[in-house]
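Close look at the chain arrangement
Now for the letters of each chain:
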Amino acid sequence: PKTTEFIIIVNAREKVWKEESISFEQVVKEAFGAYDNNPNIGYTVTYSRGWEPKPEGTMVKGSVVRVKNKMVFDVTATDKS
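Described in the following lines is the structure provided in the data block. It should be emphasised that the depicted structure is a prediction, and the values quoted were computed from it without experimental measurement. (Residues numbered from 1 in each chain as written. Predicted model: local features only at pLDDT ≥ 70, side-chain atom pairs only at ≥ 80, totals over all residues. Heavy atoms only, no water.)

Here we come to the overall build of the protein. Helices and strands together make up the secondary structure of the protein, namely one helix and seven strands. Computed over its C-alpha atoms, the radius of gyration of the protein comes to 13 Å, within 12% of the 12 Å expected for a compact globule of 81 residues. For the protein, the spread of C-alpha atoms along the three principal axes comes to 45 × 25 × 20 Å. Burial statistics for the protein: of 81 residues in total, 35% are counted as buried. (Helix = DSSP H or I, 4+ residues; strand = E, 2+ residues; numbered from the N terminus. Rg over C-alpha atoms; globule rule 2.2 N^0.38 Å. Buried < 20%, exposed > 50% of the residue type's maximum accessible area, 1.4 Å probe, protein only.)

Encoded structure:
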């Protein structure tokens, strides 16, 4: 089996990703080192340089996108309390 390896850019840092897709929670973990399930913390994940027909967009909790080399993710955490 061929090894799948992509460079993804998360909050301006290059990361090596070894799967063909990435979930919202996984992107957050790459950005902050952990995913906090606290209901008072909201995460916003946007991406660009992805696959057509939707090369850019916003991810929501539970969503998954197909990874492309040099794909860019921006993640912010918001405290709702």
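The topology assignment puts Thr 4 in the segment before β1 (6-10). Those residues in contact with Thr 4 that lie beyond four places of it in its chain are Trp 17, Lys 18, Glu 19 and Glu 20. (Contact = heavy atoms within 4.5 Å.)

According to the stated counting rule, one finds two salt bridges in the structure shown. For Lys 18, the salt bridge goes to Glu 5, with nearest N and O atoms at 3.5 Å. Of the two residues, Lys 18 is situated in the loop between β2 (13-17) and β3 (21-23) and Glu 5 in the segment before β1; the sequence distance between them amounts to 13 residues. Overall, the relative accessible area of 46% leaves Glu 5 in the partly exposed class. A salt bridge links Glu 14 to Lys 70; its shortest N-O distance comes to 3.2 Å. Of the two residues, Glu 14 sits in strand β2 while Lys 70 sits in the loop between β6 (64-66) and β7 (71-79), which places them 56 residues apart along the sequence. According to the relative accessible area criterion, Lys 70 is partly exposed, its value standing at 35%. (Salt bridge = Lys/Arg side-chain N within 4 Å of Asp/Glu carboxyl O.)

Glancing now at the sheet that holds β2. Read from one edge of the open sheet, five strands run β2-β1-β7-β4-β5, paired in mixed fashion. Each of the sheet's edge strands pairs with one partner strand only, and the pair in question is β2 and β5 (57-59). Sheet twist, expressed as the average angle between the axes of neighbouring strands with direction ignored, equals 30°. Most of the contacts of helix α1 (residues 24-32) go to β7, to which it runs at about 80°, and overall it touches β1, β2, β4 (41-48), β5 and β7. (Pairing = 2+ DSSP bridges. Axes fitted to C-alpha atoms, helices over the stretch in contact; angles between N-to-C directions.)

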